[in-house]
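# Fold and contact review
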Amino acid sequence: AEETLAFYALIITVMLAAGYDGLSAGALILLGAGIGCLGSTVNPFATGIASGFAGTTISDGLAGRLVLLVVGTAIGIWFVMRYAEKVKQDASKSLVYEDKAEIEAAFAPKEGESNEFGEFTGKHKIILTLFALAFVTMVYGVIPWEDLGIAVPTWWWWFPEMTANFLFFGILIGLVGKLSEKDLVNTFVDGARDMVGVALIIGVARGITVIMTNGLITDTVLYWAEQATAGLSGVGFILVTYFLFIPLSFLIPSSSGLATVSMPIMAPLATFAGVPSYLVVTAYQAASGLVNLVTPTSAVVMGGLAIARVGYGIWWKFVGLLLVLLMVLTIIVLAGGVLLAV
């Protein structure tokens, strides 16, 4: 979801011009990426790492995760459209109506710029194609094809490779757009300048996690989790595990970090309860995905809300019902997975 931070300025500008508010635009991106993470199918940063520690493969439990992804996305689309249409019909219904002027001013064209796009030329089409290709390349690079049993080269990309990918395509698009060296560098610096405030907020969010980890708070919660799941039935075990992963996800917002510290403990316990270890993976990533829609320790949440100029309290007020719906969906999938595995 970190890659979505680059989209906020673009999407918010378009949504404001279409008559919606900044919250609708921010939710469109944050919930889209967040529910995608909650229902991860082959996400190497969450599902892949967790499956490895759980002693299962990334393809095990894929059906349940697809249900989470498809149904969860449908719920998210309905939820955002329901609010956005209400705001478009009556702007005063917006939860950020008091900040409407400030948000619109922040995303208004800068001095010397215009809202007029001019003719849509072949050069524009090439640029948009390259822009899309950058993300297609990234997606291919991070998917562990080898673990899925698909006979195509696996690149095993991580953040350094993705960074180089975006930098390369950014320069290539600048050259195709015939920007001078000065304009290309200045445009890059202007974009970085807009993200400085976001970077500071992300640093503070990360600092909270460091304090909790170094204070051994995370280890204490893991010990309690192990004690709480001992001797439970299959359905009871997977549901308690899911609810235990929720506070753990707050303490460790990094999906890969949470998988590393929790899966070696929780996955073996599933064997004693007669629960397939891949369901523990699903419970972990669904809990992590749910919490990372709202947690203040998440760089994506705090960074995205900062760009969209949406207060954290307002975000909670907006997204509360959706959290309940996604939680109910997850409980149904997990309990059904245990019953079908018996």
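The rules behind these values
Residues numbered from 1 in each chain as written. Predicted model: local features only at pLDDT ≥ 70, side-chain atom pairs only at ≥ 80, totals over all residues. Heavy atoms only, no water. Helix = DSSP H or I, 4+ residues; strand = E, 2+ residues; numbered from the N terminus. Rg over C-alpha atoms; globule rule 2.2 N^0.38 Å. Contact = heavy atoms within 4.5 Å. Areas by Shrake-Rupley, 256 points an atom, 1.4 Å probe, with all protein chains shown as cover. Lys, Arg positive; Asp, Glu negative; His and termini not counted. Charge placed at Lys NZ, Arg CZ, Asp CG, Glu CD. pLDDT = per-residue confidence, 0-100. Expected span 1.5 Å × (residues − 1). Bend = angle between axes of the 7 residues up to and from the residue. Phe/Tyr/Trp six-rings, centres within 6.5 Å; stacked < 30°, edge-to-face > 60°. Axes fitted to C-alpha atoms, helices over the stretch in contact; angles between N-to-C directions. Parallel < 35°, antiparallel > 145°, perpendicular 65-115°, else oblique. Left-handed = near helix turned anticlockwise from the far one by under 90°. Buried < 20%, exposed > 50% of the residue type's maximum accessible area, 1.4 Å probe, protein only. Arc of directions from axis to C-beta. Core = buried A, V, L, I, M, F, W, Y, C linked by side-chain atoms within 4.5 Å. 1 Å grid on protein atoms, 1.4 Å probe; cavity = no way out; pocket = protein on both sides within 12 Å on 5 of 7 lines; lining within 4 Å. Points joined across faces, edges and corners; volume = space filled by probe spheres on them. Nonpolar A, V, L, I, M, F, W, Y, C, P; charged D, E, K, R; others polar.

## Observations regarding the overall build of the protein
The number of helices and strands found in the protein is 16 helices and zero strands. Against the globule reference of 20 Å for 342 residues, the protein gives a C-alpha radius of gyration of 22 Å, in line with a compact fold. With the C-alpha coordinates of the protein rotated into their principal frame, the extents come out at 70 × 50 × 40 Å. A separation threshold of at least 6 residues defines the contact pool for the protein, and within that pool the share at least 24 residues apart is 74%. Per element, the accessible surface of the protein, about 17,300 Å² overall, is 69% carbon and sulfur. Across the protein, the 15 positively charged side chains and the 23 negatively charged ones have centroids separated by 7 Å.

## Topic: the confidence of the model for the protein
The share of residues in the protein with pLDDT of 70 or more is 90%, and the mean pLDDT across the chain is 84. Element-level mean pLDDT values for the protein span from 66 in helix α10 (residues 196–214) up to 94 in helix α4 (residues 62–89).

## A word on helix α16 (residues 312–341)
Compared with the 44 Å implied by 1.5 Å per residue over 30 residues, the 40 Å span of α16 between its first and last C-alpha is a close match. Where α16 bends most, at Val319, the angle is about 50°.

## Digging into the packing of aromatic side chains
Counting across every chain of the model gives 14 aromatic pairs. Residues Phe7 and Phe135 carry aromatic rings whose centres are separated by 5.0 Å and whose planes lie at 45° to one another, so their mutual orientation is tilted. Here Phe7, found in the segment before α1 (8–17), pairs with Phe135, found in helix α6 (residues 122–142); they are 128 residues apart in sequence, far enough to count as distant. Among the aromatic residues, ring-to-ring pairing joins Trp78, Phe79, Tyr83, Trp315 and Phe318 into one connected group.

## Some points on unusual backbone geometry
Backbone geometry at Lys178 places phi at a positive 60°, although glycine is not the residue there. By the secondary structure assignment, Lys178 is in the loop between α8 (159–176) and α9 (181–194). Of note in the backbone geometry, Arg309 takes a positive phi value of approximately 60° without being a glycine. Along the chain, Arg309 turns up in the loop between α15 (299–308) and α16.

## With respect to the packing of helix α12 (residues 234–251) against helix α14 (residues 277–291)
Each pair of packed helices can be described by the angle between their axes along with the distance between the axes. Direction vectors running N to C along α12 and α14 enclose 40°, while the axes themselves pass 8 Å from each other. In this view, α12 runs oblique relative to α14, as classed from their interaxial angle. Considering only the axes of α12 and α14, their crossing is right-handed. In contact with Phe237, Ile238, Thr241, Tyr242, Phe245, Ile246, Ser249 and Phe250 of α12, α14 contributes Leu279, Val280, Ala283, Tyr284, Ala286, Ala287, Ser288, Leu290 and Val291.

## Re α6
With 21 residues, α6 ought to run about 30 Å at 1.5 Å a step, and its terminal C-alpha atoms sit 31 Å apart, in line with that. By the burial criterion, the buried members of α6 are Ile127, Leu130, Ala134, Phe135, Thr137, Met138, Gly141 and Val142. An end-on view of α6 places all buried positions within 155° of arc, on one side of the element. In α6, the exposed positions that point more than 90 degrees away from the buried face belong to Thr129 and Val136. Next to the buried residues of α6 lie α3 (44–54) and α8.

## Notes on the nonpolar core
In terms of nonpolar packing, the biggest core is built from 73 residues, with Leu31, Ile238, Phe245, Met263, Tyr284, Trp315 and Phe318 touching the most fellow members. Considering each element in turn, this core owes the most residues, 10 residues, to α16. Filtering out sequence-adjacent residues up to four positions away, Leu31 remains in contact with Gly36, Phe79, Val80, Leu293, Trp315, Phe318, Val319 and Leu322. Counting 11 residues, the second largest nonpolar core, distinct from the first, contains Phe45, Ile127, Ala134 and Met162.

## As for the layout of surface pockets
Of the pockets and cavities examined, the second largest pocket occupies roughly 1,200 Å³. Lining the second largest pocket are 43 residues, and of these Ala1, Glu2, Glu3, Asn43 and Phe45 sit closest to its centre. Listing elements by their share of the lining of the second largest pocket, those giving two or more residues are α2 (22–38), α3, α6, α8, α10, α13 (255–273) and α15. A per-element tally of the lining of the second largest pocket places α2 first, with five residues. In terms of residue class, the lining of the second largest pocket is made up of 25 nonpolar, 15 polar and three charged.

## Description of the packing of α1 against α2
Two elements in contact, α1 and α2, have axes whose closest approach is 9 Å; the angle formed by their N-to-C orientations is 135°. Between α1 and α2, the angle is such that the two are oblique. Both α1 and α2 take part in a crossing whose hand is right-handed. Taking contact as the criterion, the partners of Tyr8, Ile11, Ile12, Met15 and Leu16 in α1 are, on α2, Gly22, Ser24, Ala25, Gly26, Leu28, Ile29 and Leu30.

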